[in-house]
Amino acid sequence: MHLRVRSECKNDSTSEPSSWVETSLLPKGIPGTAAVDLSCVWHNLEYMACTWRPGKNASSDTNYTLFYWFDGLENPEKCSNSSVDQGIFECIFNLTFPKVTRNYPAIRILIRGDSEDIMPVCASKNPTTLVKPGTPRQLTLSKTNDVIDVKWNESETFPENCLRYEVHKYSNGNLENIPSEVNSVPVAGTDANSKYTFKVRAKPKWECYNSNFYSDWSEEKSIGEKKDSTIYVVLIITIPLIVAVSTIILLVYLKRLKILILPPIPDPREILKRMFGEQNEDSQSSAKDDPMNAFDRLIIEEEINSLILTETSEGTSPEKENR
């Protein structure tokens, strides 16, 4: 810690102040245990959020406490709204000044551990370089003819004319950023058959604050309706398919109708060929069957004759015995 001290007479404006006397004080604690990567953001001129990481030589259970003070604050204040997430410490404390304030005092911050082994760290922050506006609220869209009016609420915490805005317009795959110095933007030349989506964010003006922080984007709002090209694609595919199927059905129906109305006339030559061909086949088959039938008749006759002879011989033999 480096200190400088000098003296001067308050009642004598002609006297010159003394020379600076400098001294250095080594902070207590083990080197490498002090908090590192201190970063602070002043949100919407309402509260300040500071984050830091533990020193490389600090133990995993090290606990840090943040104190802050500035000109006009009688005693240093302890930041009690603290948390730890994945090794990142964060502490949030209220920080407000009258709305008409233009000159802000430096914010002095001290972070120390619960143990004397933890080396403390001090920092001084210029709040005007840490300002992050709040998210623009109540985004509304209205349309008159081909002009879309985009409006949103002004910030209640910032002085008048201390914010500039960036409007994000998206339509038909095209992105456009529209700057604005006030809380409204007219967008002309819009298409009635297109859909437009808007969102807005704010940034402090350099005339008021030396900050590079943008606010978060507002919620998106859309106006207009974009014609769905899917319907046209479906129609382009479906209509030719329906026409093709209908044509096939009609051709099949006409062919059947033609057969019913104009049946085909048979060829007389074909009829004669079929008639004579069937007669020839019948005669040939009968000629083949006659020898077979004659042979069968001969066999049957022989069997009958043999039976008759047998019966006759049996009848004559008893008569001889009686004699």
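- Under an unreviewed UniProt entry, the name given to the protein chain is Interleukin 13 receptor subunit alpha 1, and the source organism is Zosterops lateralis melanops.
- The protein chain has a UniProt comment under Sequence similarities (unreviewed entry) that states "Belongs to the type I cytokine receptor family. Type 5 subfamily."

## Focus: the overall build of the protein chain
Now for step 1: Looking only at helices and strands, one finds two helices and 18 strands in the protein chain.
Now for step 2: Taking all 323 residues of the protein chain together, 25% fall into the buried category.
Now for step 3: Within the protein chain, counting contacts between residues at least 6 apart in sequence, those at least 24 apart form 62% of the total.
Now for step 4: Entry remark: accessible area of the protein chain is about 23,700 Å², with carbon and sulfur atoms responsible for 54%.

## Some points on the sheet that holds strand β15 (residues 174–180)
Now for step 1: Pairing is antiparallel across the open sheet formed by four strands, whose spatial order is β15-β14-β17-β18. Strand pairing shows two members of the sheet lacking a second neighbour, β15 and β18 (221–223), which therefore form its edges. Pairs of neighbouring strands in the sheet enclose a mean axial angle of 25°, with direction left out of account.
Now for step 2: When strand β14 (residues 163–171) meets β15, the two strands line up antiparallel, connected through seven bridges. Residue pairing for β15: Glu166 is matched across the bridge by Pro179.

## With respect to unusual backbone geometry
Now for step 1: Positive phi, close to 55°, is recorded for Asn145, a residue that is not glycine.
Now for step 2: By the secondary structure assignment, Asn145 is in the loop between β12 (140–144) and β13 (147–151).
Now for step 3: In this structure, Asn161 takes a positive phi of about 60° despite not being glycine.

## Comments concerning the environment of Cys40
Now for step 1: Assignment of secondary structure puts Cys40 in strand β3 (residues 36–43).
Now for step 2: Once the C-alpha coordinates of Cys40 and Val131 are considered, the two residues, 91 residues apart in sequence, prove to be 9.5 Å apart.
Now for step 3: Ignoring sequence-local partners within four residues, the contact set of Cys40 consists of Met48, Ala49, Cys50, Ile109, Lys125 and Leu130.

## A short note on the nonpolar core
Now for step 1: Membership of the largest hydrophobic core comes to 43 residues, with the highest contact counts inside it found for Met48 and Leu66.
Now for step 2: If one sorts the elements of this core by residue count, strand β17 (residues 196–204) sits on top with four residues.
Now for step 3: Residue contacts for Leu66: discarding those within four places in its chain leaves Cys50, Trp52, Glu77, Lys78, Cys79, Cys91, Phe93, Ile109, Leu110 and Ile111.

## Considerations on a nonpolar patch on the surface
Now for step 1: Among the surface-exposed residues, Leu250, Leu251, Tyr253 and Leu254 lie close enough to one another that they form a single nonpolar patch of about 430 Å² accessible area.
Now for step 2: Here Tyr253 shows up in helix α1 (residues 229–261).
Now for step 3: Look at Tyr253 and you get exposed, because its relative accessible area is 51%.

## Quick look at the state of the cysteines
Now for step 1: Evaluation of the coordinates by the stated rule reveals three disulfides.
Now for step 2: There is a disulfide in this structure between Cys79 and Cys91, and the S-S distance comes to 1.8 Å. Measuring the twist about the S-S bond at about -115°, one finds the Cys79-Cys91 disulfide to be left-handed. Separated by twelve residues along the polypeptide, Cys79 in the loop between β6 (77–78) and β7 (81–85) and Cys91 in strand β8 (residues 88–94) bring together distant segments of the chain. The same class applies to Cys79 as to Cys91, namely buried.
Now for step 3: Along the protein chain, the cysteines that take part in disulfide bonds pair up as 1-2, 3-4, 5-6, counted in sequence order.

## Observations regarding the side chain of Asn44
Now for step 1: Looking at the secondary structure, you find Asn44 in the loop between β3 and β4 (47–53).
Now for step 2: Judged by its relative accessible area of 16%, Asn44 is buried.
Now for step 3: For Asn44, the residues in contact, after removing those within four places along its chain, are Lys132, Pro133, Gly134, Ser155, Thr157 and Phe158.

## Section: the pattern of salt bridges
Side-chain pairing between opposite charges can occur once the charged atoms of the two side chains come close.
Now for step 1: For the structure shown, the criterion picks out seven salt bridges.
Now for step 2: For Arg53, the salt bridge goes to Asp37, with nearest N and O atoms at 2.5 Å. Here Arg53 is found in strand β4, whereas its partner Asp37 is found in strand β3, with 16 residues between them in sequence.
Now for step 3: Here Arg53 falls in the partly exposed class, since its relative accessible area comes to 36%.
Now for step 4: Between Asp216 and Lys132 there is a salt bridge, and its shortest N-O distance comes to 3.3 Å.

## Examining the confidence of the model for the protein chain
Now for step 1: Here the protein chain averages 81 in pLDDT, and 73% of its residues register 70 or above.
Now for step 2: Note on residues 315–323: pLDDT under 50 across the span, and zero contacts to partners over four residues away in sequence or across chains.

## Some thoughts on the pairing of β17
Now for step 1: Along β17, nine of the nine residues are buried, which leaves the element largely enclosed by surrounding structure.
Now for step 2: Alternating residues of β17 divide into Tyr196, Phe198, Val200, Ala202 and Pro204 and Thr197, Lys199, Arg201 and Lys203, and every residue in both groups is buried.
Now for step 3: Judged from the eight bridges that link them, β14 and β17 form a sheet pairing that is antiparallel. Each bridged residue has a counterpart across the sheet, and for Lys169 the counterpart in β17 is Phe198.
Now for step 4: Sheet topology note: the β17/β18 ladder contains three bridges and is antiparallel.

The rules we used
- Residues numbered from 1 in each chain as written.
- Predicted model: local features only at pLDDT ≥ 70, side-chain atom pairs only at ≥ 80, totals over all residues.
- Heavy atoms only, no water.
- UniProt positions renumbered as here; feature names shortened; annotations may be inferred.
- Helix = DSSP H or I, 4+ residues; strand = E, 2+ residues; numbered from the N terminus.
- Buried < 20%, exposed > 50% of the residue type's maximum accessible area, 1.4 Å probe, protein only.
- Contact = heavy atoms within 4.5 Å.
- Areas by Shrake-Rupley, 256 points an atom, 1.4 Å probe, with all protein chains shown as cover.
- Pairing = 2+ DSSP bridges.
- Axes fitted to C-alpha atoms, helices over the stretch in contact; angles between N-to-C directions.
- Core = buried A, V, L, I, M, F, W, Y, C linked by side-chain atoms within 4.5 Å.
- Patch = residues over 30% accessible without salt bridge, like charges linked within 9 Å, V, L, I, M, F, W, Y side chains within 5 Å.
- Salt bridge = Lys/Arg side-chain N within 4 Å of Asp/Glu carboxyl O.
- Disulfide = S-S within 2.5 Å.
- pLDDT = per-residue confidence, 0-100.

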